[in-house]
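As a plain string of letters, each chain reads:
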Amino acid sequence: MAFSGQPDFSSVLSEKVLDAVPVSGGDIGSSYRVKTEKSDYFIKRYSSSGLPGMEAAGINAMAATKTISVPEVISFDDHSLVLKFIKQAGRCSDFQTLLGRGLAAMHRVSAEQTEHREVKGFGFNKDNYIGTTPQKNTACDNWTDFLIENRLGYQIRLAADSALTSAWNRLSGKIPQLLAGTEEPPCLIHGDLWGGNVISGEDSKPVIIDPAAYYGHREMELGMTRLFGGFNSEFYMAYDSVYPLKPGWEKRINLYILYHVLNHYNMFGGGYRSQALNLINSYL
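Now for a quick tour of the structure. Along each chain, numbering runs from 1 in the same order as the chain's sequence is written. pLDDT decides what is reported in this predicted model: residues at 70 or higher carry local features, side-chain atom pairs at 80 or more are listed and counted, and totals for whole chains, interfaces and linings draw on all residues regardless. Heavy atoms from the whole structure form the basis of all side-chain values; hydrogens and water molecules are not counted.

**Thoughts on the pairing of strand β2 (residues 30–36)**
Residues in a regular strand point their side chains to alternate faces of the sheet.
For step 1, the next point in the chain: Bridging between strand β1 (residues 17–23) and β2 involves six bridges; their strand directions are antiparallel. Bridged to D19 within β2 is K35.
For step 2, the next point in the chain: Strands qualify as paired when DSSP identifies two bridges or more between them. Runs of H or I in DSSP of at least four residues are treated as helices and runs of E of at least two as strands, each being numbered from the N terminus. Two strands pair when backbone bridges link them, and β2 and strand β3 (residues 40–45) are joined in this way by six bridges, in the antiparallel orientation. Counterpart to R33 in the pairing with β3 is F42.
For step 3, the next point in the chain: Counting the residues that bridge the hairpin from β2 to β3 gives three residues.

**What to know about helix α1 (residues 51–64)**
For step 1, the next point in the chain: A helix is expected to span 1.5 Å multiplied by its residue count minus one. Given a rise of 1.5 Å per residue, 14 residues ought to cover 20 Å, and the 20 Å separating the end C-alpha atoms of α1 matches this to within 8%.
For step 2, the next point in the chain: The set of residues buried in α1 consists of L51, P52, G53, M54, E55, A56, A57, G58, I59, A61 and M62.
For step 3, the next point in the chain: Just beyond α1, the residue with positive phi is K66, at close to 55°. Each residue's exposure class comes from its accessible area (1.4 Å probe, protein chains only) as a fraction of the maximum for that residue type: buried when under 20%, exposed when over 50%, partly exposed otherwise.

**Observations regarding the side chain of H217**
For step 1, the next point in the chain: Looking at the element boundaries, H217 is found in the loop between β11 (214–216) and α6 (218–227).
For step 2, the next point in the chain: Contacts are residue-level and defined by heavy atoms, with any inter-residue pair within 4.5 Å sufficient. Once residues lying within four places of it in the same chain are set aside, the contact partners of H217 are F122, W143, T182, E184 and I189.

**Considerations on the sheet that holds strand β4 (residues 73–76)**
For step 1, the next point in the chain: Strands sit in the order β1-β2-β3-β5-β4 across an open sheet of five strands; the sheet is antiparallel. With one partner strand each, in any of the chains shown, β1 and β4 form the two edges of the open sheet. Each strand of the sheet is rotated relative to its neighbour by a mean of 25°, with strand direction disregarded.
For step 2, the next point in the chain: In this description, a line fitted to the C-alpha atoms serves as the axis of each element, helices being fitted only across the stretch in contact, and the angle between N-to-C directions of two axes falls anywhere from 0 to 180 degrees. Of the strands in this sheet, β3, β4 and β5 (80–84) are in contact with α1, which crosses β4 at around 155°.

**Digging into the packing of aromatic side chains**
For step 1, the next point in the chain: Here a pair means two rings of Phe, Tyr or Trp (six-membered ring of Trp) with centres within 6.5 Å. Their orientation is stacked below 30 degrees between planes, edge-to-face above 60, and tilted elsewhere. All chains considered together, the criterion is met by nine aromatic pairs.
For step 2, the next point in the chain: Their ring planes at 80° and their centres at 4.9 Å tell us that F235 and Y236 sit as a pair that is edge-to-face. Per residue, the accessibility class of F235 equals that of Y236, and both read buried.
For step 3, the next point in the chain: Aromatic ring contacts, followed pair by pair, group F122, W143, F146, Y214 and Y256 into a single cluster.
For step 4, the next point in the chain: The positively charged end of R218 is found above the aromatic ring belonging to Y243, 3.5 Å away from the centroid.
For step 5, the next point in the chain: Counting as a charge over the ring demands two things of the Lys NZ or Arg CZ atom: a distance within 6 Å of the ring centre and an angle within 35 degrees of the ring normal. Geometry around Y236 places R226 over its ring, the cationic atom sitting 4.7 Å from the centre.

See below:
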């Protein structure tokens, strides 16, 4: 059944639809809370083909670690992703602590369990998106090379900005030295972990949503948490209690923040350009 001005969900639900309400949020699709005779669902609709499968793959990979709560994938097709609807409750008093521990556990478990992974090295089994920007996940044995080629360098090429390109050309040669001694096995990261992608479940505990997942370096994940806020000292202390970060990670964090700032410049323009230049210059 299709309601006025809304998609027909019959292609992805075999149940009778009783109600469908648009839900705000998201950059690359439209979302609905859909109530049927049997259950409530959260359905994301995309105009571009294949995006639901990309997101489902990331959610299922995180779910497989059995460490932190994520939405349950019901089904997907070329244009729709069906998730079990999460009824949110108020956050529990130790929400940030549970979030830090859960994220660290996901990173640790996924770094240790390599034998069953489709991806060997850094990357993912398919390209996906970070916001509206394609995210290249071609596998690479070396994190430094992956970061330079598939993350920072790719965003610089998309920007096609002479000042950013010039600054990047000076920075890129320094990155191997900046990251020397930080080598770790690749771990599964959410990939777009800002405050808006953390909600509370019906049990008031953390649930992470809307991933841009791949196997990367966990310092990249922590960089994104520093960009827009939403993660307090309890979160970082709890994370470190489960999977301590290597010394000096705070000095490297601007490299990882840079990726997301460049992505926001490519999506929105504006002041993100000067922020990106300032981040690059902090290492020059």
